[in-house]
Amino acid sequence: MRNYMTTIGLTTRDVARELARRYSTMTHEELDVLESILVPMKFQKGEIILHEGEVCKDIYWVVKGLVRQFYFKNGKELTEYMAVENTICMSIESLFREEPSRQQMQAIEPTIIFALPKAKLEKEAVRNVNIQMLYRKILEESLILSQVHADMLRFESAQERYAKLVKRSPQLVLRAPLVYIASYLQMTPETLSRVRTSALL
């Protein structure tokens, strides 16, 4: 782990600080606790992070790379969510019900993530109000993102969906394969190509 952490110029402490900066305020002692929970993980392009049928036990913080969540329906592979650097991802139903996940997670690029094991996070949250705050804010963010995505698919046109994704996550649009972007936006690759072309005019 030390070799590729050196490559990206980050330590586990740096990751703990970034999580605290984003989600909560923490003392040095609380950062020590958060740092002790974090589990660094490395995945090659195409490698599965969470298989269908596995129980999701962690919240994942993407430090480098690109992750997608997907599932199969009627023999088709459908992309549910994609996460770039400094983004949280998890199979939230599996995580909280402690049941096998119907979704899978895959690294689209060589990826480094830090796992926050739910069991350890909850144990520390009981006795530490700032870690409890971090945990709650992460869950709030995840639920809000899910709602925003659902509303986008319900109420917005193909052009509006694409424009919102470009504004919210330009790196995702630049780096993710078009077939995954189209699936995420619930349109065909042909429709996405037309929308992209009209957006450039």
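Up top is the structure.
Residues numbered from 1 in each chain as written. Predicted model: local features only at pLDDT ≥ 70, side-chain atom pairs only at ≥ 80, totals over all residues. Heavy atoms only, no water.

A. The sheet that holds strand β2 (residues 48–50), seen in detail. An order of β2-β7-β4-β5 is seen for the 4 strands of this open sheet, with the pairing classed as antiparallel. Of all the strands in the sheet, just β2 and β5 (76–83) have a single pairing partner and so form its edges. In this sheet, neighbouring strand axes are inclined to one another by 35° on average, regardless of whether the strands run parallel or antiparallel. Where strand β4 (residues 67–73) lies against strand β7 (residues 104–107), 4 bridges are found, and the strand directions are antiparallel. Residue pairing in the sheet places Q69 in a bridge with M105 of β7. (Pairing = 2+ DSSP bridges. Helix = DSSP H or I, 4+ residues; strand = E, 2+ residues; numbered from the N terminus. Axes fitted to C-alpha atoms, helices over the stretch in contact; angles between N-to-C directions.)

B. Spotlight on the pattern of salt bridges. Evaluation of the coordinates by the stated rule reveals 16 salt bridges. Residue E93 is joined to R102 by a salt bridge in which the shortest nitrogen-to-oxygen separation is 3.4 Å. Look at R102 and you get exposed, because its relative accessible area is 62%. Overlapping salt bridges bring together R13, D32 and E35 as one network. (Salt bridge = Lys/Arg side-chain N within 4 Å of Asp/Glu carboxyl O. Buried < 20%, exposed > 50% of the residue type's maximum accessible area, 1.4 Å probe, protein only.)

C. Representation of the packing of helix α6 (residues 129–155) against helix α7 (residues 158–168). The interhelical angle for the contact between α6 and α7, taken along N-to-C directions, is 150°, at an axis separation of 9 Å. Put simply, α6 runs roughly antiparallel to α7. Counted together, V148, M152, L153 and F155 of α6 and E160, R161, K164 and R168 of α7 form the full contact between these two elements. For the contact of α6 with α7, the per-class residue count stands at 4 nonpolar, no polar and 4 charged. (Parallel < 35°, antiparallel > 145°, perpendicular 65-115°, else oblique. Contact = heavy atoms within 4.5 Å. Nonpolar A, V, L, I, M, F, W, Y, C, P; charged D, E, K, R; others polar.)

D. Structural context of the packing of aromatic side chains. Enumeration according to the criterion identifies 2 aromatic pairs in this entry. Relative to W61, the ring of Y23 has its centre 6.3 Å away and its plane inclined at 80°; by these criteria the two rings are edge-to-face. Separated by 38 residues along the polypeptide, Y23 in helix α2 (residues 12–23) and W61 in strand β3 (residues 58–64) bring together distant segments of the chain. Here Y23 matches W61 in class, with each residue buried. Note on F70 and F72: the rings are 5.8 Å apart at their centroids and 80° apart in plane angle, and the pair reads as edge-to-face. With relative accessibility at 3%, the residue F70 sits in the buried group. Residue classification places F72 among the partly exposed residues on the basis of a relative accessible area of 44%. For the cation-ring pair, R68 lies above F70, with the distance from its terminal atom to the ring centre recorded as 3.9 Å. (Phe/Tyr/Trp six-rings, centres within 6.5 Å; stacked < 30°, edge-to-face > 60°. Lys NZ or Arg CZ within 6 Å of the ring centre and 35° of its normal.)

E. Highlighting the packing of α7 against helix α10 (residues 189–200). The interhelical angle for the contact between α7 and α10, taken along N-to-C directions, is 70°, at an axis separation of 10 Å. The angle between the axes of α7 and α10 places the two elements in the roughly perpendicular class. Seen along the crossing, α7 lies across α10 with a hand that is right-handed. Contacts between α7 and α10 involve A158, Q159 and Y162 from the first element and T191, L192, V195, R196 and A199 from the second. Residue classes in the contact of α7 with α10 are distributed as 5 nonpolar, 2 polar and 1 charged. (Left-handed = near helix turned anticlockwise from the far one by under 90°.)

Functional significance is not addressed by these values, which are geometric in nature.
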